[in-house]
Amino acid sequence: MQEFLNWLKTPGLTHFLIVSGILFSLGVFAVLTRRNAIMVLMGIELILNAANINFIAFSRYSTGTLDGQVIAIFVIILAAAEAAIALAIVLNIYQNFNTVNVDEFNRLRD
Amino acid sequence: MDLFTIIFYAFALLALGAGSVVVFSKNIVHAAFALLFAFFAVAGLYVLLMADFLAITQLLIYVGGILVLVIFGVMLTNTVISVDVKTGTVQSMPAVLLSAALAGMLVGMFWSTDWKVTTQQTLPEATGNELGTMLLTSYVLPFEIASVVLLVALVGAAMIARREKKA
Amino acid sequence: MSQETLLTLSVVILFLPLLSFVLLIFFNKRLPKQGDWLGTGIAFVALALAIVVFFTKLTQFPNETIQASAEWVSFGNVPGIGQLTLDLGIMLDNMAAVMLVVVMLVSSLVHLFSIGYMHGDVRYGRYFSYLGIFTFSMLGIVITNNFWMMYVFWELVGLSSYLLIGHWFEKKSASDASKKAFIVNRVGDIGFFTGIMILYATFHTFSFDSIFGTMQSGTIPFGSETWLTAAGILIFCGAIGKSAQFPLHVWLPDAMEGPTPVSALIHAATMVAAGVYMVARTFAMMTGDALMFIAYIGAITAFIAATIAIAQNDIKKVLAYSTVSQLGYMVMGLGVGAYSAGFFHLTTHAMFKAGLFLGSGSVIHAMHHALHHAGDHHTDPQDIRNMGGLKSKMPVTYWTFLIYTLAISGVPLTSGFLSKDEILAGSLAYGSLTGHYLIPIIGFFVAGLTAFYMFRLLILTFWGEHKDHHRLEAIHESPRTMTIPLIVFAVLSFFAFYSFNPFGATDGWFMNAVPRPVSSVPATTAAAGIEEFNEALHYSHTSAMLLSLLVAGTGILVAFATYYWKKISADNIATTLAPVHKFFLNKWYFDELYQATFVKGTDGIAAAYRWFDEKIIDGIVNGTARWTKAVTLGTKNNWEEGNIGAIIYLVVSGVISIYAGWVTGNAIWPEEITVLLAIWNGLIALGVAGLTFFLFYVGVGGFDNRIVDGMVNLTAYAAGFFGLLTRKVQTGKVQTYIAWVLLGVMVFFLWFR
């Protein structure tokens, strides 16, 4: 018990990893359950953030180089591209089907 | 309890709390704003991890860019005033089980693995300079590809989102 | 109390209003009475702390400038600049200490007043939270020690004024006014920002002290005095925007669309004071030319605003233009070198102008209720022509309003007399030193105008007969929360708080506590030095006082003659001087001018950009898309109709036939090749011949129909069969698939553990 408390008091690699793991699961949950496509997108953003925490945590505590951070930059870049495209698609779907619930549109054209 | 510990737990709890609101909130507007706080807290964690440039980037791109996009998405696809903005969920039970199992597995794995950890601090105080050098030397190819991807994504998004008149 | 404690207290004062903002913006609906007590309480605590800081600073450390800074961000070694860091820092000198009290006093009393005035408002709680962030932003400007933090808080003030002016955003005029205030301020801020950048490019630091110190030792921007003057004027541009100086004064009168207590806050202690305060802070870097520019801008502003104020009929509009005019005075005071006087006027003006606005708020409140009571929704509760005779019904408001009016008109025994007199003396001294006598002339003329229009306001509002007796009956004095602030401000409008000598502030504690800083610009470009100026001031003092008394008395007399004794008919004058009156009434047509030039110009540029975007950019994008589409469609059609397939087929079979013929020909002459090869070639020839026969005589169609289609169909049937089998898990919902993928991933996890 004392050991665990000591562990709690000194945040290190594992702490960050655990935070990211939980954040990842939260994101997955949103992706799995929400009907609104935009909510699904938000889940994806959480997942990407969780992944980034991992990259940067390893860069800080494990490798000691900046490579992890560079990868994280690419993740952010791709997340931006992804968000733009995904929202464009969502808007288009909304215009065509008048809904953004992922279980209500099942055709590629109307 | 030193300052680092306190700040770490503050940001970690904020990230997880705001993340939970994003995931469990029924109101999409609330979720979007909680996402703002989640991003912000993650940026705080970056700072703790000596990633100052990334923290700023996180704030600029996620909070300033992506979140604005998301909110635009919310506003353009939900008539906020007349129709309620609550969103339903599907397949909750299996998803709860799956996500909980996933979380347990990840945490268990992170916990039990014996990570190779360097104790001394090797990262520079300000990372911007070195990151810039790395991006334009060892990572120049991914960098160029990413720029093309971004360009394509932008043009594509603009094309897709255009309100085309039905011919 | 040590210096560190003082700094800590200042930081606490700075952050208390922010705390109030954060608490109220999130929880105002959950708190009892929407949290008005919380915001007000926090404001009064901050006021108490500010008073403590003020007294400690002036008694224990009267001559020190206490400051502390900490590195906030380090960008490391930046090429071309060197070590680039941003420092957070606060500075507490006498000016800041005075300003802390002024800001907190006005802010807390405005909080208190708002409890009565805003009672029952739709966004009551949010209003109080905005008051908090406004106060926070202003305090930030007051106690910072560097340019960039000042700029940050400067913009925060812009934001919070936008929020407060647009508090009743359902009203189009209010939302327009908030946008106007925001945008007009940005125009000035561009100048401010450019000025800061010029300084930064030379000094590589934002701190006031380092910049002025380095400048003192002879370094000036780009080694040129013109650049130094330009930097000074550009920085002053920020003040032109925030302090509503000509030509950017147009936002301030429109800002009256906000709630009246907000007007009091904006026009007395926050926002507009920020500009004057900033000029005072950067006074040391202003060259003589820059100061002359500042003085003229101030004088022009004072004059224009005063003439407009004469013709206005809306009680708040009159006060608004009077604010612009008095701000012009302060800026003029700073410009002529009467540094202490300018800042002194800022302080005294804060007291009586906050009081005037709150008093007008009290009147409007009462009028509004009376009109509401009578079911009258057409009469304007802010028009002074609909008022009159309110003296008997609202005694507290009347008496306090009278005191403020006396103060702003510069009647002896009031604080306004002291400060205005100092400024006028300063301008007279400046005139005698430089020969720019236009500035004191405008100054004295405006002093007379001020006395005239303020007494016009007072007489029309409180004296005379009210037009409608029933309405007058329904008018009541405002509640206690609104009258107490009025009384406090009225008390603070007396001379004794600033100097014990009612006819001169030079020996008072205030003028001594805030002495003019030594100029750090090169001696050749500086304005007249302190000794020289004081010498001239000494000679001009008595004449300035007599002259100002004379013009103020004249103004008051004319006002009485016109509106009380009715010896002079205001209507007759208005008709005789119709064009002039119309010109003043329409505010010199500034809004129309800007509409015709800047707004129309912007629209034109926007239209041009739009044309470029729609025709050129979209043209390129669409053209590319159309071209790709055309190519794709063409190829697709050819394949589907079989044309290309047929062509390729023919070409391939032709090549094979020719090859077969060549090989067969070889086989005819056996002497060069072995028998085995001959047999092999023969077999190939046979095969090719058979194939050709098959293709040409059995026909492509048959093969296609039976063999190819058969295989395709078989695949389809097989797929269908397995599809039937797996149909159970195929819900057609993407999220189910993701769940399965996740399950798979987890299985892999466990597998390879």
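Residue numbering note: each chain is counted from 1, following its sequence as written. Written order decides the labels, with chains lettered from A and ligands numbered from 1. In view of the model being predicted, local features appear only for residues whose pLDDT reaches at least 70, and side-chain atom pairs are presented and counted only at 80 or more, with totals across whole chains, interfaces and linings using the full set of residues. For side-chain calculations, the full set of non-hydrogen atoms in the structure is used, while hydrogens and water are omitted.

1. Focus: the interface of chain C and chain B
Worth spelling out the cut-off: Here, residues are in contact when the closest pair of their heavy atoms is within 4.5 Å. The term buried area means the drop in 1.4 Å probe accessible area that two parts suffer when joined, counted for both and summed. Any N or O atom pair separated by 3.5 Å or less is treated as a polar contact, with the protein-specific requirement of one donor-capable and one acceptor-capable atom, and with residues adjacent in sequence counted only for side-chain atom pairs. In the scheme used here, Gly and all other residues not listed as nonpolar or charged are polar, with Ala, Val, Leu, Ile, Met, Phe, Trp, Tyr, Cys and Pro taken as nonpolar and Asp, Glu, Lys and Arg as charged.
On the chain B side, the residues contacting the 17 residues of chain C number 13 residues. Buried area between chain C and chain B, both sides added, is near 1100 Å², and the carbon and sulfur share of it is 76%. Counting the surface chain C buries against chain B, the share from its top three residues, Leu-742, Met-746 and Phe-749 of chain C, is 40%. Viewed at the interface, chain B and chain C are joined by 0 residue pairs in polar contact (both at pLDDT 80 or more). Taken together, the residues that form the side of chain C that touches chain B break down as 10 nonpolar, 6 polar and 1 charged.

2. Points about the pairing of strand S1 (residues 66–78) of chain C
Residue and element names in this part refer to chain C. Using the following cut-off: In short, DSSP must find at least two bridges between two strands for them to pair. Comment: elements are numbered from the N terminus, with helices defined as DSSP H or I runs of at least four residues and strands as E runs of at least two.
Both S1 and strand S2 (residues 82–92) contribute to a ladder of 10 bridges, which runs antiparallel. What sits directly across from Ser-69, in S2, is Gly-89. Once S1 ends, the chain turns through 3 residues before running back antiparallel as S2, passing Gly-80 with a positive phi of about 90°.

3. Description of the pattern of salt bridges
All names here are of chain C. Stated formally: Any carboxyl oxygen of Asp or Glu within 4 Å of a side-chain nitrogen of Lys or Arg constitutes a salt bridge here.
For the structure shown, the criterion picks out 10 salt bridges over all chains. The closest approach of N and O atoms between Lys-180 and Asp-254, which form a salt bridge, is 3.1 Å. Here Lys-180, found in helix H6 (residues 172–203), pairs with Asp-254, found in helix H9 (residues 251–254); they are 74 residues apart in sequence, far enough to count as distant. The closest approach of N and O atoms between Lys-242 and Asp-189, which form a salt bridge, is 4.0 Å. Note that Lys-242 is positioned in helix H8 (residues 225–242) and Asp-189 in helix H6, a separation of 53 residues in sequence.

4. As for the interface of chain A and chain B
With 75 residues of chain A at the interface, the matching set in chain B holds 86 residues. Together chain A and chain B conceal approximately 7200 Å² of surface at their shared face, both sides included; 76% is due to carbon and sulfur atoms. Here chain A and chain B share 0 salt bridges between them. Looking at the side of chain A that touches chain B, the elements that each hand over two or more residues are helix H1 (2–9), helix H2 (13–33), helix H3 (37–63) and helix H4 (67–97) of chain A. The greatest single-element share of the side of chain A that touches chain B, amounting to 25 residues, is contributed by H4 of chain A. Residues that form the side of chain A that touches chain B fall into these classes: 49 nonpolar, 18 polar and 8 charged.

5. Digging into the environment of Ile-484 of chain C
Residue and element names in this part refer to chain C. Condition: Three labels apply to residues, based on accessible area from a 1.4 Å probe with only protein chains included: buried if under 20% of the type maximum, exposed if over 50%, partly exposed otherwise in between.
Here Ile-484 is to be found in helix H19 (residues 480–491). Relative accessible area serves as the criterion here: at 37%, Ile-484 is assigned to the partly exposed category. Taking C-alpha positions, Ile-484 is 8.1 Å from Phe-113, a pair spaced 371 residues apart along the chain.

Note that every value here comes from positions in space, so none of it alone points to a role or purpose.
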